[in-house]
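These are the residues of each chain, in order.
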Amino acid sequence: MGFPARVGRATRDGRHTSRRSVAQLWLSTLLVAWTASATPAQQPVNHDHTRASQPSSEPSGASSLADNRFAWPSMSDIKRVLWMQDYNTRIVLWGTTTLGLAAGIAGTFLLLRKRSLLGDVVGHASLPGVAIAFLVMESGQPGNGKWLPGLLLGASIAGVAGMASTVAIRSLTRIKEDAALAITLGSFYGLGIVLFTIIQDLPTGSQAGLANFIYGSAASINQGDVGLIWRVAIVAILAAGLLFKEFGLLCFDERFAASQGWPVVLIDLILMGLVVAVCVIGLRSVGLLLVVALLIIPAAAARFWTDKLSRMTLCAAAIGVISCYVGAASSALFSRLAAGAVIVLAGSALFCVSLFVGTRRGVLVQWYTRRQLNRRIAAQHLLLAFFEIIESRAIPGSPLPSADSAVKFDELLSRRSWPASRLLDSVRIALATAVLESLSDRVYRLTALGQVAARRAARNYRLWELYLLEHADVAPAQVDRDAEQIEHVLDRTTIAELDVLLFKKYPQMDPGQPDPAPPGNRPGLLS
Amino acid sequence: MPPEPIAADASPAPPLSIHDMTVAYQRKPVIWDIDYLAPRGKLVAIVGPNGAGKSTLINAALELIPRASGRVRFFGEAYRRQRHRVGYVPQRESVDWDFPVNALDVVVMGLYRKIGWCLPVLRRHRKAALVALERVGMADYAHRQIRRLSGGQQQRVFLARALVQDADLYLMDEPFTGVDAATERAIVEILRELRSQGKTALVVHHDLQTVTEYFDEVMLLNMRLVATGPVDEVFTTENLRKTYGGRLMLLDHAGHAIAKGGS
């Protein structure tokens, strides 16, 4: 197939360039595609044109392989890729998006099981497995070393071995989980790199493209590979669908699941098997360095949108599909883009969007909710201050002052310890919502609506205060001062009792009439 | 006095019988040679100092941790065969409350075993869960994400998850720890309701003052079984001294509570 990734070309140069190319490919993973538009002088690896100079039979994208410049694809190319009109693109896109779907689902449970980094261990640990499988198959019959099912089987065995070593180190010694992860991850990867160096020295030449497992290359996947990826992904999705409630229970409360007689070890093994399967089929297109991101990023992004496990799983699957589609399509359009990196970057972009605008836990939503709460509290404080000022003007024995008497800004300001700017803000909102009206500069009075609201605020406030005094034992579970009216939270008899107390303490507040008449024809604030 | 237990079935076997049970972590035994027969239709408090092995006893009985030796029978049979008749309320701290489920979802988990492998949760299961939530006074919070519940409310959700199983024996690990008074009252009410239905509850309890008020029987545990039996016979200063050692302050407190409960 076309689309040889830079990795493949780099390793074919042999050990001489391997160190340089590793460093360079690190860079290219970070900078993704745009480094590709650099001049050949900055990219010595690209001097190797052995594959590129061959006439290419691929109708889309592949024609741009021969030149090193970054070229925008034509509209017809874009259309052909996006609508999957071309057979090769179609199978690559189908395979990769199915992988994204499976990764989103498996990743959700991996994240909720708090084992995110285990995906990384599986990814890194699979490297020696790929190398050993290659060596075994190559020694059996030279030239057969790159048979994908064999390589993936090796990767799976090594991935499981990596996972098992982590668990063993953690449970048999006093080493903590994070250290156990680091130890296995590094050891297996190191072994893999050593084996790869040996493989590069072999005279067979068929090791080309093996390093695609490190960085991934969606475009160089052939039809047979896609068939395998697709089948494994479908099995993983079906397993997750069937065991959805069992996985959920295991992730939430393993101990309870065990007490109920669920075979938690077996369920855990199936779940981890699922993760290994997704990691291994992800190796080919995303690469072992980034496969953990494909698992975790969609799930982590989905958590910002919902508080429900089923929706989180669907959302993660959708994000996985979109990232993989974007990644695979761009690598088909821009031949020199590393699909794995674009897939992960697309996922990261969606994560960033979710982080900010996620409807459940997004930063903006949280900020907005907090601001609204602060505003509500400030509005209540303003009304209370108004009420208390008017109340304090009453002279014992003489008639109560009119409820709509004017109050100066400075009076309000000295009532509580609040910054003038914030008070001014609250006043502005109150003016806008017709709770207050302005008489002259910095002199306000309550409107009819405001009088009702102020009275209600004061009553609420005082009833809650009394409730806290009278029912200190149960209070913390009941008190909801943000509730618009105490009646929404407490039962009627409790409120009746509190009202009696309220009347004793504040005789001017007539009990039992929270909000009797429409604002127009009701008596004044304090009467 | 509690009413006579309703004979749910003909078998005379006690809800829980433990023979010579020893449990060890690493090399150190935590509890040893426990012999215990739980009475039917009673509320039993498991009382003892920190580290006495109260939770260990429950966990080992439920086969959540391996037993070094001993035999445990539920209703005369191995736990494996009687699981459906045993409800378990773990400690609230044992799970991550940030999990993306609501209160109703958690309660439905108590029905998963009944639903079986791979089958979906149906409307009637949700209905049953809602009834259980109503019993603990949490019906209004059914669709609230569990992180947004107070500690006491979370505890009641856990209780509802055990109730929805409709078990005959309940094992509860510190349900009264760190809950508000309203929750404490709700739990006590549920316990009494269970007893009136002839069911049994073993409750790990840390508040000595309420033992006489809430429970019929008590099991005093400090790595070994100190004493067990009806509260008014067993919950004595002498036995408490054997359980807690010489922490007199605490004992005076408990003695006071006993005196109050006895009068």
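Scroll up a little and you will see the structure.
Notes on the structure in this doc start here. (Residues numbered from 1 in each chain as written. Chains lettered and ligands numbered in written order. Predicted model: local features only at pLDDT ≥ 70, side-chain atom pairs only at ≥ 80, totals over all residues. Heavy atoms only, no water.)

### Thoughts on the packing of helix α4 (residues 87-112) of chain A against helix α14 (residues 309-333) of chain A
All names here are of chain A.
Moving on, step 1. Remark: α4 packs on α14, axes separated minimally by 7 Å, with the N-to-C direction vectors making an angle of 145°. Crossing hand, α4 versus α14: right-handed.
Moving on, step 2. Looking at side-chain class alone, the contact of α4 with α14 contains 17 nonpolar, eight polar and no charged residues. (Axes fitted to C-alpha atoms, helices over the stretch in contact; angles between N-to-C directions. Helix = DSSP H or I, 4+ residues; strand = E, 2+ residues; numbered from the N terminus. Left-handed = near helix turned anticlockwise from the far one by under 90°. Nonpolar A, V, L, I, M, F, W, Y, C, P; charged D, E, K, R; others polar.)

### Examining the environment of L283 of chain A
Residues and elements named next belong to chain A.
Moving on, step 1. Its place among the elements puts L283 in helix α12 (residues 264-285).
Moving on, step 2. The buried category is assigned to L283, whose relative accessible area is 0%.
Moving on, step 3. Each C-alpha atom, one on L283 and one on E411, is 70 Å from the other, the two residues being 128 residues apart in sequence.
Moving on, step 4. Sequence-distant contacts of L283, that is, excluding residues within four places in its chain, are made with G123, S126, V130, A155, N212, F213, G216 and L288. (Buried < 20%, exposed > 50% of the residue type's maximum accessible area, 1.4 Å probe, protein only. Contact = heavy atoms within 4.5 Å.)

### Looking at the environment of L384 of chain A
Residues and elements named next belong to chain A.
Moving on, step 1. Of note, L384 is situated in helix α16 (residues 363-392).
Moving on, step 2. For the pair formed by L384 and A454, sequence separation is 70 residues and the distance between their alpha carbons is 6.0 Å.
Moving on, step 3. Those residues within four positions of L384 in sequence are excluded, and the remaining contacts are R416, A457, A458 and Y461.

### Concerning the sheet that holds strand β1 (residues 407-408) of chain A
All names here are of chain A.
Moving on, step 1. Reading across from one edge, β1-β3-β2 is the order of the three strands in this open sheet, with antiparallel pairing throughout. One side of each edge strand has no neighbouring strand; the edge strands of this open sheet are β1 and β2 (436-440).
Moving on, step 2. Contacts from α16 reach β1, β2 and β3 (443-446), with the element oriented near 90° to β3.
Moving on, step 3. Along the sheet face, helix α18 (residues 420-432) touches β2 and β3 and points at about 105° away from the line of β2. (Pairing = 2+ DSSP bridges.)

### What about a nonpolar patch on the surface?
All names here are of chain A.
Moving on, step 1. Taken together, the side chains of V353, F356, V357, V363, L364, W367 and Y368 make up a nonpolar region of the molecular surface, amounting to roughly 670 Å² of accessible area.
Moving on, step 2. Broken down by secondary-structure element, the contributors of at least two residues to the nonpolar patch are α15 (339-357) and α16.
Moving on, step 3. Considering each element in turn, the nonpolar patch owes the most residues, four residues, to α16.
Moving on, step 4. Looking at the element boundaries, V357 is found in helix α15.
Moving on, step 5. In this structure V357 comes out as partly exposed when scored by relative accessible area, which is 38%. (Patch = residues over 30% accessible without salt bridge, like charges linked within 9 Å, V, L, I, M, F, W, Y side chains within 5 Å. Areas by Shrake-Rupley, 256 points an atom, 1.4 Å probe, with all protein chains shown as cover. Salt bridge = Lys/Arg side-chain N within 4 Å of Asp/Glu carboxyl O.)

### Structural notes on the interface of chain B and chain A
Moving on, step 1. Facing 36 residues of chain B, the contacting portion of chain A comprises 30 residues.
Moving on, step 2. Buried surface at the junction of chain B and chain A, summed over both partners, amounts to about 3,000 Å²; 61% is from carbon and sulfur atoms.
Moving on, step 3. Broken down residue by residue, the surface that chain B buries against chain A is led by F99, P100 and W117 of chain B, which jointly contribute 23%.
Moving on, step 4. In this assembly, chain B and chain A are joined by six salt bridges.
Moving on, step 5. R147 of chain B is the partner of D307 of chain A in a salt bridge, and the nearest nitrogen-oxygen pair spans 3.7 Å.
Moving on, step 6. At the surface where chain B touches chain A, the tally comes to 14 residue pairs in polar contact (both at pLDDT 80 or more). (Buried area = accessible area lost by both parts, 1.4 Å probe. Polar contact = N/O pair within 3.5 Å; in protein donor to acceptor, adjacent residues only side chain to side chain.)

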